[in-house]
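Survey of secondary and tertiary structure
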Amino acid sequence: MSEAILFRNARLFDPASGRDEAGALLAIDGKIAAIGARLEAPADARIIDCRGKCLAPGLVDMRVQLREPGAEHMENMVSASHAAAAGGVTTMVALPNTDPPIDELALVDFVARRARAIGIVNIHTYAAVTKGLGGRELTEMGLLAEAGALGFTDATRAVADPLVMRRALSYARTFDLLLVQHPEEPSLAAGGAATEGEMATRLGLPGITPVAEVMMIERDLRLVEITGARYHAAHVSTAAAIDAIRGAKARRLPVTCDTAPPYFSLNETAIGDYRTFAKLSPPLRSEADRQAVVAGLADGTIDAIASDHAPHDQESKRLPFTSAAAGIVGLETLLPLSLALYHNGHLPLLKVLRALSCAPADILRLPGGRLATGAPADLVIFDLDRPWRIEEERLRSKSKNTPFDKRPVQGGAVMTVVGGRVVFEGGG
Amino acid sequence: MTLGPPSSAFRHRHLLGIEGFSPEEITLLLDTAEGHVEPNRQADKKRSLMRGRTIINLFFENSTRTRTSFELAGKRLGADVINMSVSGSSIKKGETMIDTAMTLNAMHPDVLVVRHHESGAVQLLSEKVDCAVINAGDGSHEHPTQALLDALTIRRRKGRLQGLVVAICGDILHSRVARSNIHLLSIMGARVRVVAPRTLLPAEIERLGVEVFHDMRQGLKDADIVMMLRLQTERMHGSFVPSTREYFHFFGLDYEKLAAAKPDALIMHPGPMNRGVEIDSEVADDIDRSVIRQQVEMGVAVRMACLELLARDLGNGPPLP
């Protein structure tokens, strides 16, 4: 059955081509059929008047914890899909730290099957680098990739052992696979709950030296140099780590990285009063590091922005700070928090959108993330300017752990389209 | 210094830490405690300031001294005091700290005295209950009554806190006593030094307004007060100092190192002491210099003052918002 939608009267933004102009977009059968200043709608087409709002590629969120299987009381693929759709996210990539962890073919199949059955947004998954995320034995990376795993990561754990990491990279190179590292030297981070410094000292919290991040990245870069594998550092948060990656890119190593909104929106003072909702891994950093993250996004050293969506229930967060779980929900706040980079004058809008769509799509070798004829019609229509407040009780995610409750933001999704189908309509 | 009427000068629902207190508030606490010192030495120690009130000592971490001190303080004020040690019981059954607090809250205590092995735990608990909460030590964060009793001990011997040079020595990293003392002494105008090997100092400790030393003789030079801390091996993951022998050699207090301090410098220790680790036995027992036993005595008076001042504002009306 042919299905056509014409989006007219839109401000089109395509970070892949640099397009920024008024126009229309025609989607037929789930793909972008035409883009232009003025388009004729086929007779049976649904026509959506965008009223001058922005139309851009849907967000590709390359770091999401879905909690399914194993912790469905915190989140499942359905609730996360609704949250994603409401946040303008059309593709999310799940971390394998489920219970059981995604380290076998059957589990990759499970995610794919569930994703098809739910059919709201595109759901892909990484698979574990090591069996059981144990850091020792490699998973069947080749077979897992054939089954659909987009890349390999031990999720919120670093692959710590240098020999294991070397073999993982070397083996990944054989099949041209992507390795995603949680860059934190675990022995330096053990027992830590906050970034080492005045804040942790005042609160009496065990500190983690910020050096734990750059140390792991620099080690990995050496291994990338001798293996040539594609390496991606997740949620970079320190100036030193960003400098290391900047240097690696200058040496043309196959290296990319992302960051998450809390690392450019907040600094370590957010944990004052022991706010466990601001407990993250890696922990929130100094103001100087926050500014370095903004600068890294501005100069392109940081390729992508991911939500690092980590749902946790009340029981995991209403604990003394060191015992509380780390991480925040992010699918629904990814776009507005990222748009602040534009509103504050730090990044041009196309650059923000690139980090949210085309850059992660390219890293993951997904077809989306662009407004191009033949590309999937995964789209977000957003209001760039509307002021509103994030409210935790209105989040669609099953878990409400956000440090951004009551935060005033500007801009957000008003319609989300996946494969030419409207999956969210609201706000605006 | 002029003060308003005492009841209006202490406007805290809880006593969670020293950080953020004003000099007037600390002075009020110390003055109130001073008033309890003499009566505590009499045969009849019982007063009725808290008659009919219920105090629960809720200890998630083992303690004998502090718990006994709070228990005596409550009983001498005429309150009913219950001790609960939770380290071994319900927590192991999966009940959370909040659950325990809510359960006790339903029994309408007036004051909860709480010790917990994690920083911030007492504050978290205080947000969930209707009664007043006193922090009897949370992780490496604060131990406010210890700092107050130290201050009272010093003030009684030196007549003041302002301008004194106080050297806090040893395991600053894990010490809530050190943090509370740094805040209190700085607020009251003393000059605070910390002396420790670099592995036992938290990052950017100088931002709390202290001078940092890594050598005992330099750190103790012309000090009025030498405050030793216990080496907290139970809080240590891994090796912070190579051996107690080496630690004592460089950082243990003996007469030779003490010679750098003023001749009338006082020696303090929050207890329990590791003799031969951070303090030489002879120095600890030196009747002219060591005020370690007076500290314990002042502990009861200070805790009475804290209970009394918090209880003053506990009406019989509905719980505070």
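Residues numbered from 1 in each chain as written. Chains lettered and ligands numbered in written order. Predicted model: local features only at pLDDT ≥ 70, side-chain atom pairs only at ≥ 80, totals over all residues. Heavy atoms only, no water.

Regarding the domain arrangement of chain A
All names here are of chain A.
- Structurally, chain A comprises domain 1 (5-55 + 377-425) and domain 2 (58-364).
- Summarising the inter-unit geometry, the C-alpha centres of domain 1 and domain 2 are found 25 Å apart.
- In this assembly, 39 residues from domain 1 lie in contact with 50 residues from domain 2.
- With both sides pooled, the region where domain 1 packs onto domain 2 buries about 3,300 Å², and carbon together with sulfur makes up 66% of that total. (Domains from an automatic or database assignment. Contact = heavy atoms within 4.5 Å. Buried area = accessible area lost by both parts, 1.4 Å probe.)

Focus: the nonpolar core
- Judged by nonpolar contacts, the single largest core of 100 residues is most densely connected at Met-92, Phe-152, Leu-179, Ile-217 and Phe-382 of chain A.
- In terms of residues, this core owes the most to one element, helix H1 (residues 77-86) of chain A, which gives six residues.
- Those residues in contact with Met-92 of chain A that lie beyond four places of it in its chain are Asp-61, Val-64, Leu-66, Ala-80, Ser-81, Ala-84, Val-121, Asn-122, Ile-123, His-124 and Leu-331 of chain A.
- One finds Phe-59, Leu-201, Val-210 and Leu-309 of chain B within the second-largest nonpolar core, a separate group that totals 91 residues. (Core = buried A, V, L, I, M, F, W, Y, C linked by side-chain atoms within 4.5 Å. Buried < 20%, exposed > 50% of the residue type's maximum accessible area, 1.4 Å probe, protein only. Helix = DSSP H or I, 4+ residues; strand = E, 2+ residues; numbered from the N terminus.)

Digging into helix H4 (residues 97-105) of chain B
Residues and elements named next belong to chain B.
- Buried within H4 we find Met-97, Ile-98, Thr-100, Ala-101, Leu-104 and Asn-105. For H4, the angular spread of buried residues about the axis comes to 160 degrees, placing them on one side.
- Tucked into the core, H4 has its buried residues touching strand S1 (54-59), strand S2 (80-85), strand S3 (111-116) and helix H5 (121-126). (Arc of directions from axis to C-beta.)

Quick look at empty space enclosed by the protein
Residues and elements named next belong to chain A.
- Counted according to the given criterion, the structure contains three cavities of 30 Å³ or more.
- Lining the largest cavity, in full, are Ala-193, Ala-194, Thr-195, Glu-268, Ile-271, Ala-278, Lys-279, Leu-280, Pro-283, Leu-284 and Phe-321.
- In terms of residue class, the lining of the largest cavity is built from eight nonpolar, one polar and two charged. (1 Å grid on protein atoms, 1.4 Å probe; cavity = no way out; pocket = protein on both sides within 12 Å on 5 of 7 lines; lining within 4 Å. Points joined across faces, edges and corners; volume = space filled by probe spheres on them. Nonpolar A, V, L, I, M, F, W, Y, C, P; charged D, E, K, R; others polar.)

Structural notes on unusual backbone geometry
- With an omega of 5 degrees, the peptide bond between Glu-68 of chain A and Pro-69 of chain A qualifies as cis.
- Structurally, Pro-69 of chain A is set in the loop between strand S6 (59-64) and H1.
- Each neighbour pair has its own omega, and for Ser-281 of chain A with Pro-282 of chain A the value is -5 degrees, a cis peptide bond.
- Even without glycine at this site, Ala-155 of chain A takes up a positive phi of about 65 degrees.
- By secondary structure assignment, the location of Ala-155 of chain A is in the loop between strand S9 (152-153) and helix H4 (162-174).
- By relative accessible area, Ala-155 of chain A is classed as buried at 0%.
- Backbone geometry places Glu-204 of chain B, a non-glycine residue, at a positive phi of 55 degrees.

Some thoughts on the environment of Gly-151 of chain A
All names here are of chain A.
- The residue Gly-151 is located in the loop between helix H3 (141-147) and S9 in this model.
- Sequence spacing of Gly-151 and Arg-365 is 214 residues, and the spatial spacing of their C-alpha atoms is 10.0 Å.
- Once residues within four sequence positions are removed from consideration, Gly-151 is found in contact with Thr-125, Tyr-126, Ala-127 and Leu-178.

Section: the sheet that holds strand S9 (residues 266-268) of chain B
All names here are of chain B.
- The five strands lie next to each other as S7-S6-S5-S8-S9, forming an open sheet whose pairing is parallel. Looking along the sheet, the strands with just one partner apiece sit at the ends: strand S7 (211-213) and S9. If you compare each strand with its neighbour and ignore which way they point, the axes differ by 20 degrees on average.
- Of the pairings in the sheet, the one linking strand S8 (residues 225-228) to S9 comprises three bridges and is parallel in character. (Pairing = 2+ DSSP bridges. Axes fitted to C-alpha atoms, helices over the stretch in contact; angles between N-to-C directions.)

Things to note about the state of the cysteines
All names here are of chain B.
- Enumeration over the complete set of coordinates arrives at zero disulfides over all chains.
- Unpaired in this structure, Cys-306 has its nearest cysteine sulfur neighbour in Cys-131, at a distance of 15 Å.
- The exposure class assigned to Cys-306 is buried, which follows from its relative accessible area of 1%. (Disulfide = S-S within 2.5 Å.)

Points about the layout of surface pockets
Residue and element names in this part refer to chain B.
- Of the volumes computed, that of the second largest pocket is approximately 590 Å³.
- As for the second largest pocket, its lining consists of 32 residues, and the residues nearest its centre are Arg-65, Thr-66, Pro-270, Gly-271 and Pro-272.
- Within the residue set of the lining of the second largest pocket, elements represented by two or more residues are helix H3 (65-76), helix H6 (144-158), helix H7 (176-187) and helix H12 (292-312).
- Grouping the amino acids of the lining of the second largest pocket by side-chain chemistry returns nine nonpolar, 15 polar and eight charged.

Re helix H12 (residues 334-343) of chain A
- Most of H12 of chain A is tucked away, with seven of its 10 residues classed as buried.
- Positive phi appears at Gly-345 of chain A, one or two residues downstream of H12 of chain A, with a value of about 80 degrees.

Remarks on the side chain of Arg-289 of chain B
Residues and elements named next belong to chain B.
- Mapped onto the elements of the fold, Arg-289 is located in the loop between helix H11 (281-284) and H12.
- Within the local environment of Arg-289, its side chain forms a polar contact with the backbone oxygen of Ala-265, the two atoms lying 2.9 Å apart.
- If near-sequence neighbours (up to four positions away) are discounted, Arg-289 is found in contact with Leu-258, Lys-262, Pro-263, Asp-264, Ala-265, Leu-266 and Ile-267. (Polar contact = N/O pair within 3.5 Å; in protein donor to acceptor, adjacent residues only side chain to side chain.)

Looking at the packing of aromatic side chains
- Going through the model one piece at a time under the given rule, you end up with two aromatic pairs over all chains.
- Taken together, a centroid distance of 5.3 Å and an interplanar angle of 65 degrees make the contact between Tyr-171 of chain A and Phe-175 of chain A edge-to-face.
- Residue class for Tyr-171 of chain A comes out partly exposed when judged on its relative accessible area of 36%.
- Given a relative accessible area of 41%, Phe-175 of chain A falls into the partly exposed group.
- In this structure, Lys-257 of chain B packs its charged tip against the face of Phe-248 of chain B, placed 5.6 Å from the ring centre. (Phe/Tyr/Trp six-rings, centres within 6.5 Å; stacked < 30°, edge-to-face > 60°. Lys NZ or Arg CZ within 6 Å of the ring centre and 35° of its normal.)

Points about the sheet that holds S2 of chain B
All names here are of chain B.
- If you walk across this open sheet you meet the four strands as S2-S1-S3-S4, and the pairing is parallel. Where the open sheet ends on each side, the last strands, each with one partner, are S2 and strand S4 (132-138). Shown here is a sheet whose adjacent strand axes are inclined to one another by a mean of 15 degrees, direction ignored.
- As defined by bridge partners, S1 adjoins S3 across five bridges and the pair is classed as parallel. From the neighbouring strand, Leu-58 faces S3, where its bridge partner is Val-114.

Describing the pattern of salt bridges
- This model, assessed by the stated rule, comprises 39 salt bridges over all chains.
- Here Lys-75 of chain B and Glu-71 of chain B are joined by a salt bridge, their closest N and O atoms 2.9 Å apart. With Lys-75 of chain B and Glu-71 of chain B both in helix H3, this residue pair falls four residues apart, about one helical turn.
- Owing to a relative accessible area of 17%, Glu-71 of chain B belongs among the buried residues under this scheme.
- A single salt-bridge network, built from bridges that share partners, covers Glu-198 and Arg-202 of chain A together with Glu-19, Glu-204 and Arg-207 of chain B. (Salt bridge = Lys/Arg side-chain N within 4 Å of Asp/Glu carboxyl O.)

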